Amino acid sequence: MTSILSLPAAAKSADDIVGQWDVMREQGSRPCRITLNGERSDKGDFFVGVPVACRRVVPILAKVGRWTLGDATHLTLMDPGGRALLALAADGDAFSGQGSDGATYRLVYVPAMGRSATSGDASDLLQGKPPVGQALPPAVISLATGVAAASDAPVKPSRVATERMGDLAGRYAVLRDKTHDTGCMLTLDDKTRVKGGARAALAPACRDQGIVVFDPTAWQIVNGRLVLTAKAGHMTHLDKQADGSWLKDPAEGKSLSLKKL
């Protein structure tokens, strides 16, 4: 993935855009982080992952479900039916443009694995900690405040929040539509640490193209949710079900669930 300082200008395809982005309205909006997934819909565009808290912080995101790249400099966020909600153009190190609500928005890329393209670690910046020897810029203070507010949103109680990762480690069958076995198997290893959490490995025999393209390489538990990180750096979130399986957030794309073997 290219640097945050040149990503929009350097992007040559949708693959260069996949990942996490902070969305903010120019007048009075707190930033909110979304995920532009690389999984194609049946219409040829791509899915967008928008956390519930973001749908409240930035109301226009409540309707966003898809994204598409017209060319290397024009990005569009759409509702599930394909109606454009945010039409954005490359603007220096980001994308900016007008929403269907008439407001102007800016979309800024978040480097994979939480590493700032300028200095310091992004996790420190989001907590309001300045890089060594530097004052914290006002824009970063605003970002820290916005993300903290989004993170304070209520989270559904889940016993997994108190479980050890060792309890969740193991082999999982990957299902579509909750019951259709794709023949793919994912191993969650709690012993090996990698960037993005603990090691995840997809069995070579997997033939589901969407899962192969996602290619999860890491996993972790965040606020009671199972978070899988793809080789390219973007993430998908799954919630524990009553039967013990894990179901992918419907807002993040096609149905997918994990059932422990």
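For the structure, check the block above.
What you are looking at is a predicted structure, and each value in this text was computed from that prediction instead of being measured. (Residues numbered from 1 in each chain as written. Predicted model: local features only at pLDDT ≥ 70, side-chain atom pairs only at ≥ 80, totals over all residues. Heavy atoms only, no water.)

(A) View of unusual backbone geometry. A positive phi angle, near 50°, is found at Asp-177, a position not held by glycine. Within the element layout of this structure, Asp-177 appears in the loop between strand 9 (170-176) and strand 10 (180-194). (Helix = DSSP H or I, 4+ residues; strand = E, 2+ residues; numbered from the N terminus.)

(B) Structural view of the sheet that holds strand 3 (residues 46-49). Taken in spatial order, the eight strands line up as 1-2-3-4-5-6-7-8 and close into a barrel, and their pairing is antiparallel. Taking each pair of neighbouring strands and ignoring which way they run, the sheet shows an average axis angle of 30°. For strand 5 (residues 74-78) and strand 6 (residues 84-91), the ladder comprises five bridges, and the chain directions are antiparallel. Along strand 6, the bridge assignment pairs Leu-77 with Leu-86. (Pairing = 2+ DSSP bridges. Axes fitted to C-alpha atoms, helices over the stretch in contact; angles between N-to-C directions.)

(C) Region of interest: the packing of aromatic side chains. By the definition in use, this model includes three aromatic pairs. On the numbers, 4.8 Å between centres and 25° between planes, the contact of Phe-46 with Trp-67 is stacked. Placement of Phe-46 in strand 3 and of Trp-67 in strand 4 (residues 66-71) is noted, with a sequence separation of 21 residues between them. Taken as a pair, Phe-46 and Trp-67 share a single burial class, namely buried. (Phe/Tyr/Trp six-rings, centres within 6.5 Å; stacked < 30°, edge-to-face > 60°. Buried < 20%, exposed > 50% of the residue type's maximum accessible area, 1.4 Å probe, protein only.)

(D) Up close: the sheet that holds strand 16 (residues 257-260). A barrel is described by the order of its strands in space; here eight strands give the closed sequence 9-10-11-12-13-14-15-16, paired in antiparallel fashion. For this sheet, the mean inter-axis angle between neighbouring strands, taken without regard to orientation, is 30°.

(E) Highlighting the state of the cysteines. Following the criterion strictly, the structure yields two disulfides and no others. Covalent S-S linkage joins Cys-32 and Cys-54, the inter-sulfur distance amounting to 1.8 Å. On the sign convention where negative means left-handed, the S-S torsion of about -105° between Cys-32 and Cys-54 marks this disulfide as left-handed. Here Cys-32, found in strand 2 (residues 32-40), pairs with Cys-54, found in helix 2 (residues 52-57); they are 22 residues apart in sequence, far enough to count as distant. Classification of Cys-54 as buried rests on a relative accessible area of 3%. Here Cys-184 is linked by a disulfide to Cys-206, with a sulfur-sulfur distance of 2.0 Å. With the S-S bond torsion at 70°, the cross-link from Cys-184 to Cys-206 turns out right-handed. Of this pair, Cys-184 sits in strand 10 while Cys-206 sits in the loop between strand 11 (197-202) and helix 6 (209-214), placing them 22 residues apart in sequence. Take Cys-206: its relative accessible area is 5%, and that puts it in the buried class. When the bonded cysteines of the chain are counted from the start of the sequence, the pairing works out to 1-2, 3-4. (Disulfide = S-S within 2.5 Å.)

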